Structure formats: C-alpha cells, structure tokens
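Listed here are the chains, written in short residue letters.
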Amino acid sequence: MRVITFGTFDVFHVGHVNILERARACGTELYVGVSSDKLNFSKKDRYPIYSEADRMRIISALSCVDFVFLEESLELKRDYIQQYEADLLVMGDDWQGKFDELSDICQVKYLPRTPSISTTEIIEVVRHK
Ligand code: C2G
C-alpha cells in the first residue's frame with residue numbers, strides 16, 4: 001500500500017520524524033510532498049528558514065521515505081494523489097477533517113501530532129537566546 005503525506009518540514013524536528021515513520025508504518029511505501037518556498041510565502045507571509053531544496057534533501061535521506069516531490073499548491077492534493085497512485089493520505093491531526101473530500105480516491109487518516117514541539121516555537125526560542 002502506497003502512503004502519501006505533505007508538509008513543509010522546516011527546521012526538521014522530532015515531530016516530523018515521528019509522523020513520517022508512523023505514516024510509513026501504515027503501508028509499504030511512503031511518498032512525501034514537500035511544500036515549496038512560494039507556497040509557504042503565500043500561506044505565512046514569510047519564506048521557510050531552510051530552502052525547498054534543502055528540505056527535500058533532508059526528507060529524501062530518511063530511511064522511512066521512498067519518494068519526495070515538490071508540493072506547489074495546497075489545491076493540487078487530488079492531482080498529486082492520482083499522479084502518484086497513492087492508496088492512503090496521512091496528515092497530522094492539526095488538519096483533522098480538512099481532506100475528507102479526497103476519500104473518494106484514497107483512504108484518509110489523521111495521526112496525532114507530537115505534543116510540545118513546533119517549528120514556530122523553535123524559531124521563537126532561538127530568537128530570544
Ligand atoms: N507534525 C506533527 N507533530 C508536530 C509538528 C508537526 O505530527 N509537533 C506534523 C504535521 O501535523 C504535519 C507534518 O508534521 O502532518 C508536517 O508539518 P508542517 O511542516 O507544519 O507542515 P504543514 O505546514 O502542516 O503542511 O499540504 C500541507 C502543507 O504541505 C503544509
């Protein structure tokens with residue numbers, strides 16, 4: 001079973017590795033869409049700390065990841081799922097319910113986030129040191 005997931009994975013941390021390993025364990029292959037720098041800018045009004053090339057490089061190096069591609073728009077999830085023939089979409093539960101409309105083409109599962117860690121918090125901590 002081919003699993004697909006999406007994310008920015010900026011300033012890679014343990015919450016990211018936890019969700020990727022758990023997503024991979026839901027099937028036999030894991031495909032990861034890494035959000036582009038432009039997509040992040042349009043969403044958050046700032047570019048990620050790490051470039052999309054570096055973020056893709058980090059995700060590609062993980063043993064639980066089989067294939068990495070660039071996610072250029074949030075609205076293209078349906079196309080990516082079809083293009084890569086994914087059977088299951090996994091996302092963290094901060095996205096709970098948000099992708100249920102895709103359940104006509106694949107299974108959709110939300111996994112609990114790792115508590116007390118986020119890229120935003122890491123940036124704040126480092127900024128105030
Ligand atoms: N995550 C987690 N636990 C944390 C932090 C993040 O499980 N403590 C999960 C998120 O739920 C998400 C994945 O890690 O499934 C990537 O998180 P982000 O990098 O914040 O990605 P996001 O901006 O949510 O995704 O199409 C979605 C976009 O790509 C953006």
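Provided above is the structure to which this section pertains.
Residues numbered from 1 in each chain as written. Predicted model: local features only at pLDDT ≥ 70, side-chain atom pairs only at ≥ 80, totals over all residues. Heavy atoms only, no water.

Caption draft 1: Summary view of the overall build of the protein chain. Tallying secondary structure elements over the protein chain gives five helices and five strands in all. Beginning at the N terminus, the succession of helices and strands in the protein chain can be written as β-α-β-α-α-β-α-β-β-α. What you see for the protein chain is a C-alpha radius of gyration of 14 Å, in line with the 14 Å of a compact globule of 129 residues. Sorting the 129 residues of the protein chain into buried and exposed places 43% on the buried side. Of the contacts made within the protein chain by residues no fewer than 6 positions apart, 62% connect residues no fewer than 24 positions apart. As presented, the protein chain carries roughly 7300 Å² of accessible surface, and 51% of it is formed by carbon and sulfur atoms. (Helix = DSSP H or I, 4+ residues; strand = E, 2+ residues; numbered from the N terminus. Rg over C-alpha atoms; globule rule 2.2 N^0.38 Å. Buried < 20%, exposed > 50% of the residue type's maximum accessible area, 1.4 Å probe, protein only. Contact = heavy atoms within 4.5 Å. Areas by Shrake-Rupley, 256 points an atom, 1.4 Å probe, with all protein chains shown as cover.)

Caption draft 2: Structural view of the sheet that holds strand β5 (residues 107-111). The five strands are arranged β3-β2-β1-β4-β5 in an open sheet whose pairing can be described as parallel. Of all the strands in the sheet, just β3 (67-71) and β5 have a single pairing partner and so form its edges. Ignoring which end each strand starts from, the neighbouring axes of this sheet average 25° apart. Across six bridges, strand β1 (residues 2-7) lies against strand β2 (residues 29-35) in parallel orientation. When the bridges of β2 are listed, F6 appears paired with G33. Along the sheet, helix α1 (residues 14-25) makes contact with β1, β2, β4 (88-92) and β5, crossing β2 at roughly 140°. (Pairing = 2+ DSSP bridges. Axes fitted to C-alpha atoms, helices over the stretch in contact; angles between N-to-C directions.)

Caption draft 3: Representation of the site of the ligand in the model. The environment of the ligand is formed by 20 residues, the closest being S35, E71, K77, D94 and I117. Within the backbone of T8, one N or O atom sits 3.1 Å away from an oxygen atom of the ligand. For the ligand, an oxygen atom lies 2.8 Å from a polar atom in the backbone of F9. Across the complex, the protein chains shield 94% of the 640 Å² of accessible surface that the ligand would expose by itself. Placement of the ligand is best described as lying within the largest pocket. Of all elements in the fold, only β1, α1 and β4 reach the threshold of two or more residues within the shell around the ligand. Top element by residues in the shell around the ligand is α1. It accounts for three residues. (Near = heavy atom within 4 Å. Polar contact = N/O pair within 3.5 Å; in protein donor to acceptor, adjacent residues only side chain to side chain. 1 Å grid on protein atoms, 1.4 Å probe; cavity = no way out; pocket = protein on both sides within 12 Å on 5 of 7 lines; lining within 4 Å. Sits in = over half its atoms within 2 Å of the grid points.)

Caption draft 4: Structural context of the pattern of salt bridges. Applying the stated criterion to the full structure yields seven salt bridges. Across the pair E29 and R2 runs a salt bridge whose closest N-O atoms are separated by 2.9 Å. Here the residue E29 occupies a position in strand β2, and R2 occupies one in strand β1, the gap between them amounting to 27 residues. A relative accessible area of 26% means that E29 is categorised as partly exposed. Close ionic contact of K77 with E71 constitutes a salt bridge, the shortest N to O distance being 2.9 Å. Pair check on accessibility: K77 and E71 agree, each one buried. (Salt bridge = Lys/Arg side-chain N within 4 Å of Asp/Glu carboxyl O.)

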